[in-house]
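Structural overview for review
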Amino acid sequence: MQTEAETRNSQPLIGREAAAFAMIAYRRMAFIRAFERRCLDLSATTPAVVAGSMHFCAGQEAIPVGAAAALGPHDRPISDTDGDHGATTTEVV
């Protein structure tokens, strides 16, 4: 027979649906981070492959991912100066 602590430790922390959402969100955040890192790397070459001003959201990837998760099927995202993060999250690009 399991003790109370063993029973508590064997139960999942979140349900399957929440775990699936968390994995999708994590993958989108990882994509944003990798995409921006690649842009930074390409801007550091001589001559620069990607030129111009860039604004990265390193450490803040959850913001556009969470905002995109709240959108309904008929919602259309709009943005100001940080539209690139929302675009990569909502699969506009």
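Refer to the structure above for everything that follows.
The rules we used
- Residues numbered from 1 in each chain as written.
- Predicted model: local features only at pLDDT ≥ 70, side-chain atom pairs only at ≥ 80, totals over all residues.
- Heavy atoms only, no water.
- Helix = DSSP H or I, 4+ residues; strand = E, 2+ residues; numbered from the N terminus.
- Buried < 20%, exposed > 50% of the residue type's maximum accessible area, 1.4 Å probe, protein only.
- Contact = heavy atoms within 4.5 Å.
- Areas by Shrake-Rupley, 256 points an atom, 1.4 Å probe, with all protein chains shown as cover.
- Expected span 1.5 Å × (residues − 1).
- Axes fitted to C-alpha atoms, helices over the stretch in contact; angles between N-to-C directions.
- Parallel < 35°, antiparallel > 145°, perpendicular 65-115°, else oblique.
- Left-handed = near helix turned anticlockwise from the far one by under 90°.
- Nonpolar A, V, L, I, M, F, W, Y, C, P; charged D, E, K, R; others polar.

1. Side note on the overall build of the chain
When you go through the chain residue by residue, the secondary structure sums to four helices and zero strands. Residue burial in the chain is summarised as follows: out of 93 residues, 15% are buried. A separation threshold of at least 6 residues defines the contact pool for the chain, and within that pool the share at least 24 residues apart is 56%. Total accessible area computed for the chain in this model is approximately 7500 Å², and 59% of it derives from carbon and sulfur atoms.

2. Details of helix α2 (residues 16-43)
Between its first and last C-alpha, α2 extends 41 Å over 28 residues, near the 40 Å set by a 1.5 Å rise per residue. Listed in full, the buried residues belonging to α2 are A25, I32, E36, C39 and L42.

3. Section: the packing of α2 against helix α3 (residues 62-69)
Taken N-terminus to C-terminus, the directions of α2 and α3 make an angle of 135°; their axes are 9 Å apart at the nearest point. When the axis of α2 is compared with that of α3, the two are oblique. Here α2 and α3 pass one another in a crossing that is right-handed. In this structure, α2 uses F21, A25, R28, M29 and I32 to contact α3, whose residues at the interface are A62, P64, V65 and A69. A breakdown of the residues in the contact of α2 with α3 according to their chemical character gives eight nonpolar, no polar and one charged.

In short, the description is geometric, and any link to function would need to be established separately.
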